[in-house]
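Examining the three-dimensional arrangement
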Amino acid sequence: MMKRVAILISGRGSNMTALVEAMKADDFPAEPVLILANRPDAGGLDYAKAEGLPTAVVDHTRFDTREAFDAAIHQELIAANADIVCLAGFMRLLTPGFVNKWTDRMINIHPSLLPKYPGLHTHQRAIDAGDAEAGCTVHYVVPEMDAGEIIGQSRVPIQPGDTADTLATRVIKVEHALYPACLAKATAQA
Ligand code: GRF
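Predicted model, so just to flag it, every value in this text is computed and none were measured. (Residues numbered from 1 in each chain as written. Predicted model: local features only at pLDDT ≥ 70, side-chain atom pairs only at ≥ 80, totals over all residues. Heavy atoms only, no water.)

1. What to know about the site of the ligand
For clarity, the cut-off: Any residue with a non-hydrogen atom lying within 4 Å of a molecule or strand is treated as near it. For this analysis, a polar contact is any N or O atom pair within 3.5 Å, provided that within protein one partner can donate a hydrogen and the other can accept it, and provided that sequence-adjacent residues contribute only side-chain to side-chain pairs. Only Asp, Glu, Lys and Arg are considered charged in this grouping, and only Ala, Val, Leu, Ile, Met, Phe, Trp, Tyr, Cys and Pro are considered nonpolar; every other residue, Gly among them, is considered polar.
Around the ligand, the neighbouring residues are Arg12, Gly13, Ser14, Asn15, Gly89, Ile109, His110, Pro111, Ile172 and Glu175. Arg12 places a polar side-chain atom, nitrogen or oxygen, 2.5 Å from an oxygen atom of the ligand. A distance of 2.9 Å separates an oxygen atom of the ligand from a polar atom in the backbone of Gly13. Among the residues forming the shell around the ligand, the class breakdown is three nonpolar, five polar and two charged.

2. Focus on the pattern of salt bridges
Here is the rule: What counts as a salt bridge is simple: a side-chain nitrogen of Lys or Arg found within 4 Å of a carboxyl oxygen of Asp or Glu. Helix and strand assignments follow DSSP, with helices taken as H or I runs no shorter than four residues and strands as E runs no shorter than two, numbered in order from the N terminus. Burial classes follow relative accessibility: with a 1.4 Å probe on protein chains only, a residue under 20% of its type's maximum area counts as buried, one over 50% as exposed, and anything between as partly exposed.
Counted under the stated rule, the structure contains seven salt bridges. Ionic pairing is found between Glu133 and Arg155, a salt bridge with its closest N-O pair at 2.5 Å. One end of the pair, Glu133, is in strand 6 (residues 133–140); the other, Arg155, is in strand 7 (residues 150–157), with 22 residues separating them in the sequence. Judged by its relative accessible area of 48%, Arg155 falls in the partly exposed class.

3. A word on the packing of aromatic side chains
Applicable threshold: Ring pairs are drawn from Phe, Tyr and Trp, using the six-membered ring of Trp, whenever the two centres fall within 6.5 Å, and their geometry is named by plane angle: stacked under 30 degrees, edge-to-face over 60, tilted for the rest.
Applying the stated criterion across every chain yields a total of two aromatic pairs. Ring centres of Phe63 and Phe69 lie 5.9 Å apart, and the angle between their planes is 65 degrees; this geometry places the pair in the edge-to-face category. Taking relative accessible area as the criterion, Phe63 reaches 28% and is therefore assigned partly exposed. Of the residues examined, Phe69 reaches a relative accessible area of 3% and is grouped as buried. Note on Phe69 and Phe90: the rings are 6.5 Å apart at their centroids and 5 degrees apart in plane angle, and the pair reads as stacked. Placement of Phe69 in helix 3 (residues 66–79) and of Phe90 in the loop between strand 4 (84–87) and helix 4 (96–99) is noted, with a sequence separation of 21 residues between them.

Have a look at this one:
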């Protein structure tokens, strides 16, 4: 059975695009049913609309509490009949009450080799630490930020002279391959 996937974004949505493109394959066990952004100006919405995919904006600035914001997102996910939720550059912290409604059905991509460097500025932190490699992780979402069971990781070398930007360019390429592979894996378990 095809799983119905909702993708949550805040920005350009290159991982969302990679997921949608991968789901076009006949043998991919999932289909995109909703692209939801918390910012009306999220660049990824243009791609989603051009693809003819259902989109929604739940603007966090219009809600008084995180709980109310998360409840509005939950409603959209239910309305779309989503089975699985992919966070793809979604830059809002989610409340435990919401996260627990999607246990084992919500996954995230993070640009570090977790458990190293949860949070922001991951590439600069890896460079500053003198690490030999960096990478990205896809994991199940739990209430604690950037924690949760790891589904997959990809590694890249850190090269002499790397800046956060040059490293990010190297990592994002492997993100775009890792996330669809991990979605397929999570889909088989959902
Ligand atoms: C990616 O590096 C992702 O790992 C992180 O935020 C960035 C989002 O980029 N969570 P994009 O919007 O998918 O292009």
